[in-house]
Amino acid sequence: MPVSFLDTLGETVTRRLAARSSRRGMLGRIGAAMAVAPAFPLLPVARADAAPAATPAATSGPAPATPDPALSDFERRAQSADPTKCTYWRHCAIDGVLCGCCGGGVHSCPPGTQPSPVSWIGTCRNPDDGRAYVIAYRDCCGRSLCAAPKSCSCNTADREMPIYRPQASNDIIWCFGTASTAYHCSTAAIIGQAG
């Protein structure tokens, strides 16, 4: 049976590789590559080149306003007038029922509940002043789930971090260290301005 050129080339490369490296060394390199490969998606990416190019408008008159690509979808819709709506600017990373709809406030628990001693955080942009603020989301515990209207149940995980960063995850019931672990509602208190 004739030997093809690719078979000969493959054999030559394999023999040279075997002569210059050990099995342990090769396994070590493969193991290192497998350990490092999952970190590649975490590296920073220049997304400016990925933005679609603007096409010139054929119509006369003022050009329509283009949305700021640095803003998230939530930030483009955010409002500062009604804290009982999911689009309220402080609710950019909240997951739960708004305490403002349950007898509490945007930063205070309703009577008969107690705030959890731990919270998750988010960074939200105030549309009025354009500044970003660190928001502490705290669950209010001790009573059963608030029977608020469906419009008060929010899951606005804007820029949410994966579960390996639990301090920034809204997927956990944070009623640890309270008299009761029953979840009632969630608050959104400003901690301070983001750097």
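Residues numbered from 1 in each chain as written. Predicted model: local features only at pLDDT ≥ 70, side-chain atom pairs only at ≥ 80, totals over all residues. Heavy atoms only, no water.

The protein chain goes by Methylamine dehydrogenase (amicyanin) in an unreviewed UniProt entry, where it is assigned to Gluconacetobacter diazotrophicus. Among the UniProt annotations of the protein chain, the heading Subcellular location (unreviewed entry) holds the following wording: "Periplasm". (UniProt positions renumbered as here; feature names shortened; annotations may be inferred.)

A few points about the pairing of strand β3 (residues 120-125)
Of the two faces of β3, only the one carrying Trp-120, Gly-122 and Cys-124 is buried; Ile-121, Thr-123 and Arg-125 on the other face are not. The antiparallel hairpin formed by β3 and strand β4 (residues 132-141) contains six residues in its connecting segment, where Gly-130 sits at a positive phi of about 75°. (Buried < 20%, exposed > 50% of the residue type's maximum accessible area, 1.4 Å probe, protein only. Helix = DSSP H or I, 4+ residues; strand = E, 2+ residues; numbered from the N terminus. Pairing = 2+ DSSP bridges.)

So, the nonpolar core
Formed by 18 residues in total, the largest nonpolar core has its most connected members in Trp-89, Cys-92, Ile-94, Cys-124, Ile-135 and Tyr-137. Of all the elements in the fold, those that place two or more residues in this core are β3 and β4. When residues of this core are assigned to their parent elements, the largest contribution, three residues, is made by β4. With seven residues, the next largest nonpolar core counts Cys-99, Cys-102, Cys-140 and Cys-146 among its residues. (Core = buried A, V, L, I, M, F, W, Y, C linked by side-chain atoms within 4.5 Å.)

Overview of the pattern of salt bridges
Close approach of charged atoms allows side chains with opposite charge to pair. This model, assessed by the stated rule, comprises three salt bridges. Here Arg-15 makes a salt bridge to Glu-11, at a shortest N to O gap of 3.0 Å. Residue Arg-15 and its partner Glu-11 are both found in helix α1 (residues 5-20); the two are separated by four residues, about one turn of the helix. With relative accessibility at 57%, the residue Arg-15 sits in the exposed group. Where Asp-82 meets Lys-85, a salt bridge forms, and the shortest distance between an N and an O atom there is 3.8 Å. (Salt bridge = Lys/Arg side-chain N within 4 Å of Asp/Glu carboxyl O.)

Brief notes about the side chain of His-184
By secondary structure assignment, the location of His-184 is in strand β6 (residues 183-193). A distance of 2.6 Å separates the side chain of His-184 from the backbone oxygen of Ser-144, its partner in a polar contact. Discounting residues that sit within four places of it in the chain, His-184 has contacts with Val-97, Cys-102, Pro-110, Thr-113, Cys-140, Arg-143, Ser-144, Leu-145 and Cys-146. (Polar contact = N/O pair within 3.5 Å; in protein donor to acceptor, adjacent residues only side chain to side chain. Contact = heavy atoms within 4.5 Å.)

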